[in-house]
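# Breakdown of the fold
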Number of protein chains: 2
Amino acid sequence: MRKNNFIGKRLAKMDAPEKINGQAAYINDITVPNMLYGKIKRSEHAHAIIKNIDISQASKLPGVKAILTRETNPAPDFRIGFIQDNPPIKHDKVRQFRDEVAAVAATDPEIAAAACALIKVDYEPLPGVFDPIAAAQEDAPLIHEFDFRGNPIKNNTLPVRWQISDGDLEFYRRKSKYIVSGTYKTGWAHHCCLGTTGIIAEFDYQKNLKVQMPTQIPFLVQNDLNKLLNALGLKNKNTRVISPTIGGAFGNKLDTHCYEYIAVMLAFMAGRAVKIMFDREEEFIGMAPRQPTIIKITQGCDENGRLTFREAEAILDNGAYTSWGATVPSVMYVPMTSLYRVPAVDFKATCVYTNNIFSQAFRGYGNPQATFAIESSMDELAVKAGIDPLEMRLLNANRANETTPMGLKISSCGLKECIETVKEKLDWDKPRPQNRGVGLACLTHVGGGARIYKSDGHGMILKMDDFGKVSIMTGAVEIGQGSETSIAQTVAEIIGIMPDDITVIRHDTAICPWDVGTHASRQMFLSCKAAILCASEAKAKILEFAATFMEDEIRKQNRKNENFADDLLPLLHNAANLTIDQRQIYLKEYPKRTDYAVTIDTILRRGHFQGGKSGEMVITHAFYEPDTEMMHPKTSKGNISETYAFATHGVEVEVDPETGKVDIINFVAAHDIGKAINPMIVEGQIYGGVMQGIGYALMEEMLLDKGKILNPDFLDYKIPTMMDTFPLDVAMIETLDPHGPFGAKGIGEVGIIPVAPAIANAIYDAVGIRLKDLPFTCEKVLAAVKNKRE
Amino acid sequence: MRKNNFIGKRLAKMDAPEKINGQAAYINDITVPNMLYGKIKRSEHAHAIIKNIDISQASKLPGVKAILTRETNPAPDFRIGFIQDNPPIKHDKVRQFRDEVAAVAATDPEIAAAACALIKVDYEPLPGVFDPIAAAQEDAPLIHEFDFRGNPIKNNTLPVRWQISDGDLEFYRRKSKYIVSGTYKTGWAHHCCLGTTGIIAEFDYQKNLKVQMPTQIPFLVQNDLNKLLNALGLKNKNTRVISPTIGGAFGNKLDTHCYEYIAVMLAFMAGRAVKIMFDREEEFIGMAPRQPTIIKITQGCDENGRLTFREAEAILDNGAYTSWGATVPSVMYVPMTSLYRVPAVDFKATCVYTNNIFSQAFRGYGNPQATFAIESSMDELAVKAGIDPLEMRLLNANRANETTPMGLKISSCGLKECIETVKEKLDWDKPRPQNRGVGLACLTHVGGGARIYKSDGHGMILKMDDFGKVSIMTGAVEIGQGSETSIAQTVAEIIGIMPDDITVIRHDTAICPWDVGTHASRQMFLSCKAAILCASEAKAKILEFAATFMEDEIRKQNRKNENFADDLLPLLHNAANLTIDQRQIYLKEYPKRTDYAVTIDTILRRGHFQGGKSGEMVITHAFYEPDTEMMHPKTSKGNISETYAFATHGVEVEVDPETGKVDIINFVAAHDIGKAINPMIVEGQIYGGVMQGIGYALMEEMLLDKGKILNPDFLDYKIPTMMDTFPLDVAMIETLDPHGPFGAKGIGEVGIIPVAPAIANAIYDAVGIRLKDLPFTCEKVLAAVKNKRE
């Protein structure tokens, strides 16, 4: 068999040149003729009744074309959110500081902002509740009086049940020699996409809607906005969603927010295109961060260190409305039930409404929070049992061909190799100087799609032209992760052409076939699976043409070749004898007979130009739907992914006891990635994930004071920069997963997951303090060090 | 069977609102970031040796980024044209006034124009030749010294042979009772597209080329420009052709011209996007008009008026280079051999290089010129034979199921009905006042594609979303003719949805499947044929889903319906029992059982959201290649189209003997259109064609003085306006062609074809003068009237 030409190769990302050269068009760069600018007026209270809205002054301002309030709202009953609790323009009351009270479309963004300032809103402030535990009490102020089905709410607990358990917990608790218990807290972390958010919404003359906006989920946005069209009385109209180049996503573009609906309603009211564009402050205030959690976890092991049970309960601060943040417990299930071999597990989670900012998906989707608790607790258990934390993890590591308590079918598993790699690369057992220590943490995560929607499928169309060039129309969304490069590598590999021959057409619901969106580390896995189908069918078609026309072409090409021997001609008529490599079609068994090679474009043109009915061109399409299960509605169990990723992060830190500063001396990220389709892209994802994890572990936190964000900018919200980098060794363990494309697993999210607990464990190893509250800022570390001394 | 919902209905064109409202983006409206502006410096001589080109002053001008001359030409050996005789930038000499001698790309169009003015070109003038008959003499100045194969040229006759004959001409000549002979002349007519021509060319970072330009042939442009990429050393690179909204075409966008290649070379040299945009004067000078012809024709008939033979010879003024103008004799074959039943035909044509402007395709492509000769001569023959011209045409009219001397297979023919309609509607036999008269002329033309290229095929992809909305990616080019509306009507009709449900994606070679281009009245015919294939397959797929899921959906929908009888449920499981109409799927035999109807989107989502491997979406594609023949390389015979259009135009005129002005009193255009998919669009095409024919007959002519165009503007080049309209009665004869989509024939070009001879014949009837030289300006008519008096 031919060696891989492109799979496993370090090809530059296809979209890199246009990004580096400043030619990529982000939503900031895009305008449409005759466009208006929309601005949103937001609440100044965390919880208040809206008594009166006066737009009389605003509406007099020249250039104002539409003002949207509860009085002018063309879709007053329309709500968004996971349980449809969020009216894009608030009517009865505001429930958080960011709440959208009014919006203006004007000929100029300054005029729109001035008009917003002129809108007078009278509020009657209500007592707020900002702590999820307090909010869950029956006497707490109610944020929503009725749930999404119209039932009265008794406390602020969301009417969504999150629970999973397996095995006889009490039996295994009794069998445990050692048991540890602890409570771990995480806060709000913001995605900090370098490109801020925006939308251009416009209606055509048939009242179909077109929106341009960066999104991870164009087809779900289409669905969401079609619902608004229905609410606007535009029955049977449709939405076309086009996403420009996306300047970062990480989950904050996985849902629609109020601003998109507001832009559409303003465009509907004004009869013109409307653009809403966030600046950095509005990006912090108007988008939704990672969900804060309080997780109480108890784990046990037997005398040898084998895990016996895991019991955990999470309380999530849901904020005032629901987005995907309200569903992150579903992903917490994965590590809670399936990280290490645990015979009995029990996990519960409760999301509670507060008057804080509501939350969204963020890389890892609950897994970082859960893994922080699990892996911190694992270290405490190891200490209690007197076992080396690394050896304890080796002992309990997952194995291939096992089914976990959640029902996840592990088709391949390199966790043991990951742990051993960390051990070796960090020189784990070596003595360290004072205030230095090592820690590690592991992870498991979906790596082959995640069936959280009715379809986890991916649609693709392949079209080949007369020159052997391929257009791929894909549902895949490129958020910087490199999916289009992976697709091009796959198609080039399968057909036998070059990645440069491929144009990837994406981000347009009218042109590209359906895909559920870029999330859950699924995009490369599923789009490459579809690409294999499309490309294989295309190759078969080309070889079918070749079997018909190659003899003729070979004769033509060799007309003047005196050395040409025509003995192999009969072999040409069987497609099974032929193959393609580097744009050449030739006899598989005679690769050196260049006199028997024809370029692919020659054969494509022969197939096309037959001058009669049989003329054909190569077009194929595929819809790849992974062979997975939805979580069972009662047990929450099910094999939601075709494969699972594993990894171990090991870190050596030095803690300065005088300042509380934690320095990363060395970091090893060993990942079971199945197969690296492009090692450079895999490294990039892991580098990025680890650095985002460093931010989550050491610096990033949105500070809220009674619901108001105190640090909505990069001056006060700190993220790691190039100055914060350190030696980072990415080790790729190739387990060649039987379900993965070329054996690959999805690894888009995993880099962030175990960073915080690995650092927590290393800090403990360095200075003996156990930090349970993210992030580990200098202040917190210093306080803990002092506290320990005292 | 269900009645047609949309076929035969007068639906507004889908692109009308955006055009009417000024939102359609033409090439004039489009810019890309960092773009340069290109200008072309043209020859000031009709024929001259280029002695020297001095760019020293021009290159000093700030803002000039690239200057293209024969010295800087990055592809010096590259030539374009039907026989590759045209270097985009001229090197040895100029051969016409429009010749491209140099070009500049600059940051501003004024700077580019100023730089062009600063380029100094020294010429050595050569004697020019401007009359094709003189040019064909062996001692005429040679315009090209070598033909495209490098052979020396002896006279200016093109090395392309145009000849067709059938039947025993001499036998039938002897059998003729009456014979007439005459020579007919036509001149240069310009397309006068309201949108002038332009291009934006840019290279991406992989050195692939993207061009935005209005064109009728995106896929042939791709082919053409890929050849330039090869010449530029960019092997294996590709061109993406995107056409913005097209502001008229009529054939002038059927070929590439020098300016596209110049823009690409400037972009290549400057490393930036380059836009070239013509103003009206450059549009007249830089584009290519209809080919002028001199046709000598002889026809005979027997004593009863039955045609016996037709013999004709044409000389075409080719101008200095070849474009499609050099191939118009191939379309002259059709009327010359096949208009009326003629047992013996012989036609020859010679194209001759002159130092005049070269010519291009123009609506009808030689047929108007040929029909002017044939139908003028027919009237002369009728006069000579003493037969009414209309009766003579009835006698000789083509019939269905006959094969013509060229080998055209007439599958349906309404010519007799067309003639009779004119007779009736014009009240043919009624006595007229002095100076009034009636005339008629008929036509035949390709109506079901025209196999002039290796493939006459049309590719289409259909993609359906979860809401029952359809995207059609089509190779069809919309030049105003309404093909996208016809496609939408077809798809809606076949599937059972609404035309508004359909988005037509077009004009992008990277997204749309191949099509040879909008020409030869083929686009509606072929794209609707492909649409029928795509939509039928989609419908079958939907009904297959329905057969699986409908029982479940019907049960769900009727859960609370007490009157629901479940007796029909078993019928639902056979797709053959089901059909779709107006977005509803129901039992074919029980259309009134609304409790058994399900909306199409419901079933599409069921098909998609099956939660497992079998989830599918509806995507289909088709490549329709008509069952036709290339003209035989020796005999020129062959059935080049799947069907043929016929028509008769009858006109009543009044000639003012004092001024020579010809007034149209009444006009009847009776057309065999097979079937009107959209009668409003058919009427629009015929209205437009007739008015363009009026211009050709009465006013339009490009005046050249030794190769220089004297009237390159709308002040001096007159076209008909609303002030020139008259009662125009379009009669649509529906012959339901067995090959046509729903029976339709292509009719994009035909409206223009017989206008001039019908008017010529009416003028003869009115005042007894026979005009043989187009256009019939007042001056010419007046001169002829005076001449007759004297």
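Here, the structure is the one placed above.
### Details of the overall build of chain A
Looking only at helices and strands, chain A features 18 helices and 30 strands. Taking 2.2 N^0.38 as the reference for a compact globule, 790 residues should give roughly 28 Å; the C-alpha atoms of chain A span a radius of gyration of 28 Å, in line with that estimate. Oriented by its inertia axes, the alpha-carbon framework of chain A measures out at about 95 × 75 × 50 Å. Looking at chain A as a whole, 64% of its 790 residues qualify as buried. Sequence-distant contacts, at least 24 apart, represent 80% of the contacts inside chain A between residues at least 6 apart. With an accessible surface of roughly 27,700 Å², chain A has 51% of that area assigned to carbon and sulfur atoms. Charged side chains of chain A number 88 positive and 97 negative; the gap between the two group centres comes to 2 Å.

### Regarding the interface of chain A and chain B
Interfaces are often sized by the amount of accessible area the parts lose when they come together. Each partner contributes residues to the interface: chain A has 56 residues there, and chain B has 55 residues. In total, about 4,600 Å² of surface goes out of reach between chain A and chain B, with carbon and sulfur atoms giving 57% of it. Counting every contact that joins chain A to chain B gives 2 salt bridges. Between B:Lys237 and A:Asp500 there is a salt bridge, with the nearest N and O atoms lying 3.6 Å from each other.

### Considerations on the relation of the copies chain A and chain B
If you rotate chain A by 180° and push it 0.0 Å along the axis, it lands on chain B with an RMSD of 0.1 Å. The superposition operator between the copies reduces to a two-fold rotation axis. Within chain A, the C-alpha atom positioned nearest to the axis of rotation is that of A:Ile511, 4.0 Å from it. Mapped onto chain B, 98% of the interface residues of chain A again fall at the interface, so both copies present the same surface.

### Here we look at helix α15 (residues 600-608) of chain A
Counting buried positions along α15(A) yields 7 of 9 residues, so the element is predominantly enclosed. Those residues of α15(A) that fall on the buried side of the exposure criterion are A:Ile600, A:Asp601, A:Thr602, A:Ile603, A:Leu604, A:Gly607 and A:His608.

### Here we look at the pattern of salt bridges
Across all of its chains, the model carries 92 salt bridges over all chains by this definition. Close ionic contact of B:Lys425 with B:Asp729 constitutes a salt bridge, the shortest N to O distance being 3.1 Å. Of this pair, B:Lys425 sits in helix α12 (residues 415-425) while B:Asp729 is found in strand β30 (residues 728-733), placing the two residues 304 residues apart along the sequence. On the basis of relative accessible area, B:Lys425 is assigned to the partly exposed category, the value being 39%. Of the residues examined, B:Asp729 reaches a relative accessible area of 30% and is grouped as partly exposed. The network of salt bridges with common partners includes A:Arg42, A:Lys90, A:Arg98, A:Glu100 and A:Glu282.

### Focus: unusual backbone geometry
A cis geometry characterises the amide bond from A:Leu774 onward to A:Pro775, with omega recorded as -10°. One can find A:Pro775 in the loop between α17 (755-767) and α18 (778-789). A positive phi angle, near 75°, is found at A:Tyr340, a position not held by glycine. When you line up the elements, A:Tyr340 lands in the loop between α9 (329-338) and β15 (344-353). Phi is positive for B:His507, close to 70°, though the residue is something other than glycine. Checked against the element boundaries, B:His507 lands in the loop between β21 (502-505) and α14 (523-557).

### Considering the packing of helix α11 (residues 389-396) of chain B against α12(B)
All names here are of chain B. Taken N-terminus to C-terminus, the directions of α11 and α12 make an angle of 165°; their axes are 9 Å apart at the nearest point. One finds that α11 runs roughly antiparallel with respect to α12. Of the two possible hands of crossing, α11 and α12 adopt the one that is left-handed. Here Leu390, Glu391, Arg393 and Leu394 of α11 come into contact with α12, specifically with Lys416, Ile419, Glu420 and Lys423. Within the contact of α11 with α12, the residues separate by chemical class into 3 nonpolar, no polar and 5 charged.

### A look at the environment of A:Gln584
Residues and elements named next belong to chain A. Tracing the backbone through its elements, the reader meets Gln584 in strand β23 (residues 584-587). Exposure remark for Gln584: the relative accessible area of 29% places this residue in the partly exposed category. Separated by 22 residues in the primary sequence, Gln584 and Arg606 have C-alpha atoms spaced 15 Å apart. Gln584 has contacts with Thr579, Ala597, Val598 and Thr599, leaving out every residue within four places of it along the chain.

### Remarks on the packing of aromatic side chains
Per the stated rule, a full pass over the model turns up 38 aromatic pairs over all chains. Look at A:Phe284 and A:Tyr717: their rings are 5.1 Å apart centre to centre, the planes differ by 55°, and that puts the pair in the tilted class. Taken together, the positions of A:Phe284 in helix α8 (residues 280-286) and A:Tyr717 in the loop between β29 (708-709) and β30 (728-733) put the pair 433 residues apart, joining distant regions of the chain. Judged by relative accessible area, A:Phe284 falls into the buried class, the value being 0%. Aromatic pair B:Phe219 and B:Trp514: ring centres 6.5 Å apart, planes at 50°, arrangement tilted.

### So, the side chain of A:Gln212
Residue and element names in this part refer to chain A. Residue placement: Gln212 occurs in strand β10 (residues 209-212). For Gln212, a relative accessible area of 13% puts it in the buried group. The contact partners of Gln212, leaving out residues within four places of it in the chain, are Ile27, Ile30, Val32, Gly198, Ile199, Ile200, Glu202, Ile242 and Pro244.

### What to know about the sheet that holds strand β5 (residues 100-106) of chain A
All names here are of chain A. Here we have 7 strands laid out as an open sheet, ordered β3-β5-β1-β12-β9-β10-β11, and mixed in their pairing. For this open sheet the edge positions go to β3 (64-68) and β11 (239-242), each flanked by a neighbour on one side alone. If you compare each strand with its neighbour and ignore which way they point, the axes differ by 20° on average. Running at roughly 145° to β11, helix α6 (residues 218-231) makes contact with β9 (198-203), β10 and β11 of the sheet.

### Observations concerning the sheet that holds strand β8 (residues 178-186) of chain A
One key point about sheets: their strands pair by backbone hydrogen bonds, in either a parallel or an antiparallel sense. All names here are of chain A. Taken in spatial order, the 5 strands of this open sheet run β7-β15-β14-β13-β8, and their pairing is mixed. Each end of this open sheet is capped by a strand with a single partner; those strands are β7 (162-166) and β8. The sheet shows a mean angle of 10° between the axes of neighbouring strands, taken without regard to direction. One ladder, built from 10 bridges, connects strand β14 (residues 307-319) with β15; its direction is parallel. When the bridges of β15 are listed, Ile315 appears paired with Thr350. Sitting on the sheet, helix α10 (residues 367-385) is in contact with β8, β13 (293-301) and β14, with an inclination near 145° to β8.

### Thoughts on the pairing of strand β13 (residues 293-301) of chain B
All names here are of chain B. Burial analysis of β13 places 8 of its 9 residues in the buried class, the great majority of the element. Pairing geometry for strand β8 (residues 178-186) and β13, over 9 bridges, is antiparallel. Residue pairing in the sheet places Tyr184 in a bridge with Ile295 of β13. As paired strands, β13 and strand β14 (residues 307-319) are joined by 9 bridges and run antiparallel to one another. Counted as the bridge partner of Thr298 is Glu311 from β14. Hairpin connection from β13 to β14: 5 residues lie between these consecutive antiparallel strands, with Gly305 at a positive phi of about 95°.

Calculation notes
Residues numbered from 1 in each chain as written. Chains lettered and ligands numbered in written order. Predicted model: local features only at pLDDT ≥ 70, side-chain atom pairs only at ≥ 80, totals over all residues. Heavy atoms only, no water. Helix = DSSP H or I, 4+ residues; strand = E, 2+ residues; numbered from the N terminus. Rg over C-alpha atoms; globule rule 2.2 N^0.38 Å. Buried < 20%, exposed > 50% of the residue type's maximum accessible area, 1.4 Å probe, protein only. Contact = heavy atoms within 4.5 Å. Areas by Shrake-Rupley, 256 points an atom, 1.4 Å probe, with all protein chains shown as cover. Lys, Arg positive; Asp, Glu negative; His and termini not counted. Charge placed at Lys NZ, Arg CZ, Asp CG, Glu CD. Buried area = accessible area lost by both parts, 1.4 Å probe. Salt bridge = Lys/Arg side-chain N within 4 Å of Asp/Glu carboxyl O. Least-squares fit on C-alpha atoms with pLDDT ≥ 70 in both. Axes fitted to C-alpha atoms, helices over the stretch in contact; angles between N-to-C directions. Parallel < 35°, antiparallel > 145°, perpendicular 65-115°, else oblique. Left-handed = near helix turned anticlockwise from the far one by under 90°. Nonpolar A, V, L, I, M, F, W, Y, C, P; charged D, E, K, R; others polar. Phe/Tyr/Trp six-rings, centres within 6.5 Å; stacked < 30°, edge-to-face > 60°. Pairing = 2+ DSSP bridges.

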